[in-house]
Every structure is written in structure tokens, then in C-alpha cells.
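Structure assessment
This is what each chain is made of:
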Amino acid sequence: MTATALDVPVAAPRPRRAPLKLGTWWYPLAGIAAATGLWWLLTDVLFAERPLVAGFSPVLAVSGLAELAASGSLVDAAAASVFRLLTGLAVAFVLGLAGGVALGQLAWLEAATRPVQLFLRMVSPLSWAPVAIIAFGVGTWPVVALVAAAAVWPILTATADGVRGVRPAHRQVARNLGATPFEVVRHVVVPAIRPNVLAGLRLALGLGWVVLVPAEMLGVTSGLGYAVLNAKDQLAFHHITALIVVIGSIGFALDVVARWALATPRQRRDERSAR
């Protein structure tokens, strides 16, 4: 009797190894300790005889951080920077979401504006600083405008890609049920693009934070960027180092919060089970 496909024995799949759980605290702590040790080795041992290098020592950074915290200027600077960041992100979210939906829905609009989009995306947001100062004056709002100019593109691009990825069958079902074009966007398109929008928003958060600090060195008298510039003018290198640590720590914290807040309940369960 001729053997069929059902008669051929199939080898049992090899058991997979359990993935290494990198979610434990030991690995991040070990990485931080190694980076700090390398930092100390470079500034306090290998190049200790060079004052400009030794001034950025982690030991001096701790004292600089204590001085800034005791003066109260650190909290005020961080609060001003976070306010500008969130305001710029809010502006970018509204513009990026509306523009992305329009570009994803209207193919002719996307084709007509594609060269302009590519041109504007390739221009550094800080290049718009003179224009922002002329338009909004000196102070908080030019910084907000520069943050929005940096953050709008990830949101717009992710939203447009999400709209174009909505299945035509879902749109057709809604139309067959009598939905208007606005109702199709509201009840079909918007729920479908939520993962894209959230991914773009998280990327925009990082870009906005990176642009914020140098933007605060242009005509403002508050914020972390202004504090770095002020410390540079005073040759307070330990304050500069402390502020760099604070800027990186706040950016890290914002990314962690955004990752948790923008994650779906299923993603949160998967992350907890992986630990």
C-alpha cells in the first residue's frame, strides 16, 4: 500500500529554550554601574591631570547636583522644560493627527504635498529658530513652536501610514450600513490607526525632548537648556555634568511613562509575564 502524507512520521518539534529574562533589575543596574565606572575611570584616573576633563567627574557631578537642588533652580528649570515639551507635543499631536488622516484618506493630497513634506522633514527644527522668534517673540512660545516642528512629523507619518493600512472591506461595510464619510473616519479609521498614532507619539516625545534643550538656549531665561548655557558661562563644569545627568534621567523617565501609558492592556500583561 502506498504511503500517504498521513502515514509519513513527522519529527517532533525540538523544545525551545526559555528566553533570557532581561526584565530583571540586575541587568540594567549592571549596565549603569559599568557606564559609571567607565566615566569615573576616564575623568578621575586616565585624564585626571587635564582640568577640563577632570571637571566633568561623576564625583563632582554629585556635588553639582546637590548645589543645584539646594538652590531650588533645578526644580524650576525642569518644570519649565517639561511644560514646554508637553505643550509642543499637544500642538504636534493635533496637527499631525489631522494632517495624517487627511493625507491617508486623500491620495491626491498626499501626492501633491509629498515633495513639500520631504523638504520640510529634512530641515532641522532648530533652523526655524529665527522664524519662530520673529513670529512669537522671545520666551516660551518660540521653544514650543520648535518642539512642535520636530514632533509633528513622526505623528503625521505614522497616522498617514495607519490610515492607508485600513482594509477597504471595513470601510465598505460601514458605507453599506449607511455611514457618512465622517462616521467612517470616526468609527472605522480612528480605532484602526490607534497603534500607529501611539507609536508615532512616543517617537515624537523623544525627538521633542532632544530639540527642547538647545532651543532653550535661544532667548529664554528658564529651563534646563538655559541652565546649561548659564553654567557654561560661569565655567561651572560640575553643574553642566549634573544638568546632563538630569536631562538624560528626565528623558528616560518620560519614555518609560509613555511606554506604559501608550501600551495596550495586552502589551502590559505580556511585559509583566516576561519579567
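1. Notes on the side chain of Glu216
Mapping Glu216 onto the fold places it in the loop between helix H10 (194-215) and helix H11 (224-233). Overall, the relative accessible area of 0% leaves Glu216 in the buried class. At a separation of 2.9 Å, a polar atom in the side chain of Glu216 contacts the side chain of Ser81. There is a polar contact of 2.8 Å between the side chain of Glu216 and the side chain of Arg84. If sequence neighbours within four positions are ignored, Glu216 has contacts with Ala80, Ser81, Arg84, Val143, Ser222, Gly223, Leu224, Gly225 and Tyr226.

2. Quick notes on the confidence of the model for the protein chain
The share of residues in the protein chain with pLDDT of 70 or more is 87%, and the mean pLDDT across the chain is 82. In the predicted structure, residues 1-13 sits below a pLDDT of 50 and forms one contact with residues beyond four places in sequence or in another chain.

3. Let's talk about unusual backbone geometry
Although it is not a glycine, Leu235 adopts a positive phi angle of roughly 55°. Relative to the helices and strands, Leu235 resides in the loop between H11 and helix H12 (237-262). Using a relative accessible area of 61% as the deciding quantity, one classes Leu235 as exposed.

4. Quick look at the packing of aromatic side chains
Under the definition given, this model contains one aromatic pair. Geometrically, the ring pair formed by Phe56 and Phe237 is tilted, given 5.3 Å between the ring centres and 40° between the ring planes. Taken together, the residues span a long stretch of sequence, with Phe56 in the loop between helix H2 (51-54) and helix H3 (58-71) and Phe237 in helix H12 at a distance of 181 residues. With relative accessibility at 30%, the residue Phe56 sits in the partly exposed group.

5. Quick word on the packing of H3 against H12
A pair of packed helices can be characterised by two numbers: the angle between their axes and the separation between those axes. Packing of H3 against H12 leaves a shortest axis separation of 7 Å and a crossing angle of 80°. One element, H3, and the other, H12, form an angle in the roughly perpendicular class. In this structure, H3 uses Leu60, Ala61, Ser63, Gly64, Leu65, Glu67 and Leu68 to contact H12, whose residues at the interface are His238, His239, Thr241, Ala242, Leu243 and Val246. Partitioning the contact of H3 with H12 into residue classes produces seven nonpolar, five polar and one charged.

6. Topic: a nonpolar patch on the surface
Taken together, the side chains of Leu38, Trp40, Leu41, Leu42, Val45, Leu46, Phe47 and Val59 define a hydrophobic patch exposed on the protein surface, amounting to about 700 Å² of accessible area. Per-element tally for the nonpolar patch: the top contributor is helix H1 (residues 26-46), with six residues. Relative to the helices and strands, Leu38 is located in helix H1.

7. Focus on the pattern of salt bridges
Going through the model one piece at a time under the given rule, you end up with six salt bridges. Glu110 is paired through a salt bridge with Arg114; the nearest N and O atoms lie 2.6 Å apart. Highlighted residues: Glu110 and Arg114, both in helix H5 (residues 107-121), separated by four residues, approximately one helical turn. Take Glu110: its relative accessible area is 17%, and that puts it in the buried class. The closest approach of N and O atoms between Asp255 and Arg202, which form a salt bridge, is 3.1 Å. Of this pair, Asp255 sits in helix H12 while Arg202 sits in helix H10, placing them 53 residues apart in sequence.

About the criteria used
The residue count restarts for each chain, going from 1 along the sequence in the order it is written. Two thresholds apply to this predicted model, a pLDDT of at least 70 for residue-level local features and 80 or more for giving and counting side-chain atom pairs, whereas whole-chain, interface and lining totals are computed over all residues. Excluding hydrogens and water, the side-chain values take into account all heavy atoms of the structure. Only runs of H or I of at least four residues qualify as helices and only runs of E of at least two qualify as strands under DSSP, and these elements are numbered from the N terminus. Note on classification: 1.4 Å probe, protein chains only; a residue is buried when its accessible area is under 20% of the maximum for its type, exposed when over 50%, partly exposed between these limits. Contacts described as polar in this section are N or O atom pairs within 3.5 Å, which, within protein, must combine one atom able to donate a hydrogen with one able to accept it, while residues neighboring in sequence count only if both atoms come from side chains. For this analysis, residues touch if any pair of their heavy atoms sits within 4.5 Å. A score between 0 and 100, pLDDT records how confident the predictor is in each residue. Between 30 and 60 degrees the pair is tilted, below 30 it is stacked and above 60 it is edge-to-face, where a pair is any two Phe, Tyr or Trp rings, Trp via its six-membered ring, whose centres lie within 6.5 Å. Lines fitted to the C-alpha atoms define the axes, with helices restricted to the stretch that makes contact. Angles between their N-to-C directions range from 0 to 180 degrees. Relative orientations are named as follows: roughly parallel for angles under 35 degrees, roughly antiparallel for angles over 145 degrees, roughly perpendicular for angles from 65 to 115 degrees, and oblique for any other angle. Three classes are used, and their members are as follows: Ala, Val, Leu, Ile, Met, Phe, Trp, Tyr, Cys and Pro are nonpolar, Asp, Glu, Lys and Arg are charged, and the others, Gly among them, are polar. Candidates for patches are residues over 30% relative accessible area with no salt bridge; among them, like charges are joined within 9 Å and nonpolar side chains (Val, Leu, Ile, Met, Phe, Trp, Tyr) within 5 Å. Throughout, the Shrake-Rupley method with a 1.4 Å probe supplies accessible areas, and for residues the shown protein chains are the sole cover considered. By salt bridge we mean one thing: a side-chain nitrogen of Lys or Arg within 4 Å of a carboxyl oxygen of Asp or Glu.

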